[in-house]
Amino acid sequence: SSGINAEYGGNGLSSVRFICGTQTIHKVLEDAISKFHGTEDTILYISCFDANAGIFETVMTPEDAVFSDQLNHASIIDGIRLSKCQKHRYKNRDMADLESQLAASSARIKMIVTDGVFSMDGTIAPLQEICDIAEKYDALVFIDECHATGFLGETGRGTPELTGTDNRVHIINSTLGKALGGACGGYTTGPKQVVDILRQRSRPYLFSNTMPPAVVGASLKVFELLNESSELPQRVYSNTMHFRSRMEEAGFTLSGSTHPICPVMLYDASLASSFADELLKRGIYVIGFSFPVVPKGLARIRVQMSAAHTIPDIDRCVDAFIEVGREKGVIE
């Protein structure tokens, strides 16, 4: 980071992109993201929340319609609210409901909007079916890949790679603030025509400071690592399956199946909170989730696997879960 700061002019550029906030390193990162996803062009934001806030208002008109999964991330919901387009919401991963709403629409442009992964549940969008329906009704497919890019799929290229829909998704929004560096930054990647419009009209892009050069440099390094080897995504997958299999064998109920977000379902809010407190006393840092973050009666502890975890780390975590689970009568 210090080398990047010295070469590219300090910790920050004190400017938005179109004034004096664009350096060569920003363009290099945008090109790297486009090559990684196999898309035409990319635009950087300071966060993916900004990317989601900027796209729908910019590209969708009152003649157009968005069809959004009911469990989409809050940033997608807020972004859609800013648009004057027609707004429809379909039941979570319910393809019959999605298709019936598309069939009834006479909108000029139809856009299906979904999280690639639903972060509270660790479940994955059925992209094959979504793309089939989109092609049937001449709709665009937009996915938010914040909980997939860098670790899901054989080489970390996310939900499209995992589901075999690489060339069928039109627009991808994702983050540099999770697996791809962990600091800040987000982006929209897709058709050049869409990115060109965003550069001219997307308000979060035009009126928010640019990404700090040091963060841009660190993000570039992550893409280098992913392009060189698939070891890290595969380690995340093996760690995930080890944790899930041991926890289920112990008698716990986990949401999802193969995603490294592993929600341990406890259902009761007080139990989830006290359970997490007991785990922290044993050196296991996890957080209990309850209403309003998740629906009432569906409280949980969300465990997240990482490539940095070792098998002994994971076993220690599971052993602590088993100990606390028995004390609280969750498992036998």
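What you see is a predicted model; the values in this text were computed from it and never measured. (Residues numbered from 1 in each chain as written. Predicted model: local features only at pLDDT ≥ 70, side-chain atom pairs only at ≥ 80, totals over all residues. Heavy atoms only, no water.)

Draft legend 1. Examining helix 5 (residues 74-82) more closely. Buried residues of helix 5: Ser75, Ile76, Gly79 and Ile80, and no others. The buried residues of helix 5 occupy an angular sector of 135° when the element is viewed end-on, so they sit on one face. (Buried < 20%, exposed > 50% of the residue type's maximum accessible area, 1.4 Å probe, protein only. Helix = DSSP H or I, 4+ residues; strand = E, 2+ residues; numbered from the N terminus. Arc of directions from axis to C-beta.)

Draft legend 2. Structural view of the pairing of strand 4 (residues 110-115). Burial runs high along strand 4: six of the six residues are buried. Because side chains alternate across strand 4, one face comprises the buried residues Lys110, Ile112 and Thr114, and the other comprises Met111, Val113 and Asp115, equally buried. Two elements, strand 2 (residues 65-69) and strand 4, share four bridges in a ladder whose sense is parallel. From the neighbouring strand, alanine 65 faces strand 4, where its bridge partner is lysine 110. (Pairing = 2+ DSSP bridges.)

Draft legend 3. Just the layout of surface pockets, in detail. If you add up the space inside the largest pocket, you get close to 460 Å³. As for the largest pocket, its lining consists of 21 residues, and the residues nearest its centre are Phe151, Lys178, Ala179, Met305 and Ser306. Counting residues per element, the ones that place at least two in the lining of the largest pocket are helix 11 (213-228), helix 12 (231-250) and strand 12 (299-304). (1 Å grid on protein atoms, 1.4 Å probe; cavity = no way out; pocket = protein on both sides within 12 Å on 5 of 7 lines; lining within 4 Å. Points joined across faces, edges and corners; volume = space filled by probe spheres on them.)

Draft legend 4. View of the packing of helix 6 (residues 95-103) against helix 7 (residues 127-136). Contact pair helix 6 / helix 7: the axes reach a minimum separation of 11 Å and the direction vectors enclose 15°. By the angle between their axes, helix 6 is roughly parallel relative to helix 7. At the point where helix 6 passes helix 7, the crossing takes the right-handed sense. Of helix 7, the residues touching helix 6 (which contributes Met95, Leu98, Glu99 and Leu102) are Glu129, Ile130, Ile133 and Lys136. Class assignment of the residues belonging to the contact of helix 6 with helix 7 gives a composition of five nonpolar, no polar and three charged. (Axes fitted to C-alpha atoms, helices over the stretch in contact; angles between N-to-C directions. Parallel < 35°, antiparallel > 145°, perpendicular 65-115°, else oblique. Left-handed = near helix turned anticlockwise from the far one by under 90°. Contact = heavy atoms within 4.5 Å. Nonpolar A, V, L, I, M, F, W, Y, C, P; charged D, E, K, R; others polar.)

Draft legend 5. Local environment of the side chain of asparagine 239. Structurally, the position occupied by asparagine 239 is in helix 12. Among the polar contacts listed, one links the side chain of asparagine 239 to the backbone oxygen of histidine 309, at a separation of 3.0 Å. When residues no more than four places from it in sequence are discounted, the contact partners of asparagine 239 are Met305, Ser306, Ala307, His309, Ile311 and Ile314. (Polar contact = N/O pair within 3.5 Å; in protein donor to acceptor, adjacent residues only side chain to side chain.)

Draft legend 6. Main features of the pattern of salt bridges. Here the structure, examined in full by the defined rule, presents 19 salt bridges. With a closest N to O distance of 3.0 Å, glutamate 30 and arginine 17 form a salt bridge. Linking glutamate 30 in helix 3 (residues 24-37) with arginine 17 in helix 2 (residues 17-20), this pair joins segments that are 13 residues apart in sequence. Accessibility classification places glutamate 30 together with arginine 17 in one group, the buried group. Across the salt bridge formed by arginine 199 and glutamate 30, the nearest N and O atoms sit 3.2 Å from each other. A residue pair is termed long-range when its members are at least 10 positions apart, and arginine 199 in helix 9 (residues 192-201) and glutamate 30 in helix 3 qualify at 169 residues. Across the pair, exposure class does not vary: arginine 199 and glutamate 30 are buried alike. Where salt bridges share partners, they join Glu278, Lys281, Arg282, Glu323 and Glu327 into one cluster. (Salt bridge = Lys/Arg side-chain N within 4 Å of Asp/Glu carboxyl O.)

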